[in-house]
Amino acid sequence: MPEPVENKTADALADAQAAAEQAQLPRRRDRRRGDDSDAWTGTMPIISSDQAEQRPTAPSSSWAEAAAAADAPARPQPAKPSKDPVVTPPAPGAAPAVPAQPSRSTRSASRSAALAEAPVPDFISSPGLFVREQKPRPVGGFRGALYNLTGGGLNLGPSARQREEDELARRISRQLQGSYNTAVLSLKGGIGKTSTTVGVGLTLAEFRGDPPCAIDANPDSGDLVERALGEGIYQQQSPRTITDLLKNIESIDSLTALARYMHHAGRLHLIAGEQDPEVSDSLTAEEYLRIRKLISGYYSVALIDCGTGVTHNAMSGILQSADNLIIAAGYAVSGAKRARSTLHWLASHGYADLASNAVVVITDKDEVSSRVDKDAIEEHLSGICRQLIAVPHDRGVADGDLVTLDVLRPETRRAYREIAAAIVDGYV
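Keep in mind that what you see is a predicted model, and the values were worked out from it rather than measured.

Participant: Can you explain the overall build of the protein? Please cite residues and give values.
Facilitator: Helices and strands together make up the secondary structure of the protein, namely 18 helices and eight strands. Here the protein, with 428 residues, has 36% of them falling under the buried criterion. Counting only contacts in the protein whose residues sit at least 6 apart along the sequence, the fraction spanning at least 24 positions is 76%. Total accessible area on the protein is roughly 25,800 Å²; 54% of this is exposed by carbon and sulfur atoms.

Participant: How would you summarise the packing of aromatic side chains if you had to cite specific residues and measurements?
Facilitator: Counting across every chain of the model gives one aromatic pair. Each ring, one from Tyr-180 and one from Tyr-427, has its centre 4.8 Å from the other, and the planes form 15 degrees; the classification is stacked. Of this pair, Tyr-180 sits in strand β1 (residues 180-186) while Tyr-427 is found in the segment after α18 (410-425), placing the two residues 247 residues apart along the sequence. Above the plane of the ring of Tyr-261 lies Arg-240, whose end atom (NZ or CZ) is 4.9 Å from the centre. Positioned above the aromatic ring of Tyr-331 is the side chain of Lys-374, whose terminal nitrogen or guanidinium carbon lies 5.0 Å from the ring centre.

Participant: Explain the environment of Leu-246 residue by residue, including any values.
Facilitator: Summarising the element assignment, Leu-246 is placed in helix α10 (residues 242-247). Among the residues examined, Leu-246 registers a relative accessible area of 17% and is labelled buried. Apart from residues no more than four positions distant in its own chain, Leu-246 is found in contact with Leu-283, Glu-287 and Ile-291.

Participant: If you had to explain a nonpolar patch on the surface to someone new, which residues and values would you point to?
Facilitator: A contiguous nonpolar surface patch, about 300 Å² in accessible area, is contributed by Phe-142, Leu-154 and Leu-156. Within the element layout of this structure, Phe-142 appears in helix α5 (residues 141-149).

Participant: Give a detailed account of the pattern of salt bridges, specifying residues and quantitative values.
Facilitator: Think of it this way: side chains of opposite charge can pair up when their charged atoms draw near. All told, the structure shown has 14 salt bridges when counted by the stated rule. We note a salt bridge from Arg-414 to Glu-165, for which the minimum N-O separation is 2.5 Å. Here Glu-165 lies in helix α6 (residues 160-172) and Arg-414 lies in helix α18, a separation of 249 residues in the sequence. Here Asp-364 and Lys-374 are joined by a salt bridge, their closest N and O atoms 2.8 Å apart. Separated by ten residues along the polypeptide, Asp-364 in the loop between β7 (359-363) and α16 (374-382) and Lys-374 in helix α16 bring together distant segments of the chain. With relative accessibility at 29%, the residue Lys-374 sits in the partly exposed group. A cluster of three or more residues bridged by salt bridges with shared partners is formed by Arg-161, Glu-164, Glu-165, Arg-414, Arg-417 and Glu-418.

Participant: Go over the nonpolar core, please, and point to the residues and values.
Facilitator: Core analysis: the largest hydrophobic core is formed by 47 residues, its most contacted members being Leu-185, Ile-291, Ile-295, Ile-318, Leu-325 and Ile-327. Other than its neighbours up to four places away in sequence, Ile-318 contacts Ala-183, Ala-217, Tyr-288, Ile-304 and Cys-306. Counting 39 residues, the second-largest nonpolar core is a separate cluster that includes Ala-228, Val-361, Ile-389 and Val-403.

Participant: So what's going on with the packing of helix α7 (residues 193-207) against α18? Residues and values would help.
Facilitator: Across the interface, α7 lies against α18 with an axial gap of 9 Å and an inter-helix angle of 75 degrees. With respect to each other, α7 and α18 are oriented roughly perpendicular. In this structure, α7 uses Ser-195, Thr-196, Gly-199, Val-200, Thr-203, Leu-204, Glu-206 and Phe-207 to contact α18, whose residues at the interface are Arg-413, Tyr-416, Arg-417, Ile-419, Ala-420, Ile-423 and Val-424.

Participant: Which residues make up α6, and what are the values?
Facilitator: Counted at 1.5 Å a residue, the expected span for α6 with its 13 residues is 18 Å, and the 19 Å between its end C-alpha atoms agrees. Along α6, the positions that sit buried rather than exposed are Gln-162, Glu-165, Leu-168, Ala-169, Arg-171 and Ile-172. Packing partners of the buried residues in α6 comprise α7 and α18.

Participant: A description of the packing of α6 against α18 should follow, citing residues and the corresponding values.
Facilitator: Put simply, α6 and α18 touch, their axes get as near as 8 Å, and they point 40 degrees apart. In terms of axis orientation, α6 runs oblique to α18. Judged by the twist between their axes, the crossing of α6 over α18 is left-handed. Here α6 contributes Arg-161, Glu-164, Glu-165, Leu-168, Arg-171 and Ile-172 to the contact with α18, which in turn contributes Arg-414, Arg-417, Glu-418, Ala-420, Ala-421, Ala-422, Val-424 and Asp-425. For the contact of α6 with α18, the per-class residue count stands at six nonpolar, no polar and eight charged.

Participant: Kindly report on the side chain of Asn-181, identifying the contributing residues and their values.
Facilitator: You can see Asn-181 is positioned in strand β1. Under the relative-accessibility criterion, Asn-181 is labelled buried at 0%. A polar side-chain atom of Asn-181 sits 2.8 Å from the main-chain carbonyl oxygen of Ser-321. What Asn-181 contacts, discounting residues up to four positions off in sequence, is Tyr-288, Arg-292, Ala-302, Ile-304, Ser-321, Ala-322, Asp-323, Asn-324 and Tyr-427.

Participant: Describe the sheet that holds strand β2 (residues 213-216), and please don't skip the residues or the numbers.
Facilitator: If you trace the eight strands from one edge of the open sheet to the other, you get β3-β4-β2-β5-β1-β6-β7-β8, paired in mixed fashion. Two strands close off the open sheet at either side, each with one partner strand: β3 (263-265) and β8 (387-391). Across this sheet, the average inter-strand angle for adjacent strands is 25 degrees, counted without regard to direction. Sheet analysis places β3 next to strand β4 (residues 268-271), joined by three bridges and oriented antiparallel. Bridging from a neighbouring strand, Ala-265 pairs with Leu-268 of β4. Packed onto the sheet, α7 meets β1, β3, β4, β5 (301-308), β6 (324-330) and β7 and runs at close to 175 degrees relative to β5.

About the criteria used
- Residues numbered from 1 in each chain as written.
- Predicted model: local features only at pLDDT ≥ 70, side-chain atom pairs only at ≥ 80, totals over all residues.
- Heavy atoms only, no water.
- Helix = DSSP H or I, 4+ residues; strand = E, 2+ residues; numbered from the N terminus.
- Buried < 20%, exposed > 50% of the residue type's maximum accessible area, 1.4 Å probe, protein only.
- Contact = heavy atoms within 4.5 Å.
- Areas by Shrake-Rupley, 256 points an atom, 1.4 Å probe, with all protein chains shown as cover.
- Phe/Tyr/Trp six-rings, centres within 6.5 Å; stacked < 30°, edge-to-face > 60°.
- Lys NZ or Arg CZ within 6 Å of the ring centre and 35° of its normal.
- Patch = residues over 30% accessible without salt bridge, like charges linked within 9 Å, V, L, I, M, F, W, Y side chains within 5 Å.
- Salt bridge = Lys/Arg side-chain N within 4 Å of Asp/Glu carboxyl O.
- Core = buried A, V, L, I, M, F, W, Y, C linked by side-chain atoms within 4.5 Å.
- Axes fitted to C-alpha atoms, helices over the stretch in contact; angles between N-to-C directions.
- Parallel < 35°, antiparallel > 145°, perpendicular 65-115°, else oblique.
- Expected span 1.5 Å × (residues − 1).
- Left-handed = near helix turned anticlockwise from the far one by under 90°.
- Nonpolar A, V, L, I, M, F, W, Y, C, P; charged D, E, K, R; others polar.
- Polar contact = N/O pair within 3.5 Å; in protein donor to acceptor, adjacent residues only side chain to side chain.
- Pairing = 2+ DSSP bridges.

Here it is as structure tokens:
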């Protein structure tokens, strides 16, 4: 039987509606691709709970209407005030939020700024910032023996005597800016002037980095080189003297050229005095100043053995260029009086500064009898000079022969160290 007309009309309307819905599917997929949704599966965008509340809840008559309602953008709603902050939980399956990391250039700039602002430690004046200070090693005595027995495990440090010796060595070895010279003089002969020059010169050579020079300016056939080298060795060498140096001084333009006129006792360099009595007193003040100018270009410390008296020809040039003085004296009554007379003469002839800064050296050369009050002599001289130092009796000095530090008594060597330190004190 033929179908009724009403049924055919209803079927035609249903087919037309289905065709319209199929035509709208590509347009919805395109919109979802533009919204970063899955372009292949057509996954629907995630709808939050707030957005879900804003959607119309009326039931749809068809799937097409439901899809159209889901694709429609949500209208913004005004924020509701709340006392407690609303924390939106992360969507299921979404990765947790990671704070943005600074770039490499930003970290490098931050480190550079922090380094520039940080205080810089002074590694020179504060070497103990990174290294623990170590006690000096004790030498000799009970402390030194204990240190050696324990292999350095027990270090009590140096004794007071050793600390004093180390301080003397430091004072002697100080670096000097320029050239300086010390004159050794006296009004009386035979009281230890030349032996003091040799002993102090050898001590300076032992502790200083640069070799010192000693000049024999004694007008009376001085024996400075013989006391430093020994009579036999000096005679075997070429006996060049200060006179030979003066004759050729214009041609000397280097230390090598100067060395041909020098003698060497270890690291102590010496210029011998004239031995010929006819010309020994011919050195003038002007000639000495020429020698002094030459020596100052190569030596930072020079000692001048002036001989006896203060009125011979070269003496005015020596005093004019001297930086400080050593006044030789003895424990005899006459020696003490002449040392005091020397200081008074200097003060009254324009050398008051040299007199007040002089170092008086009393050498117990003849081992005077017990009747001589040594304390009274020292007190008599100590108030008119910068420092007074006593050299004890020593056969290595009293014999008038070769002076070497190896054969001297420890007390004598210490006295020479004190004199050397006092000399350098006057330079700085």
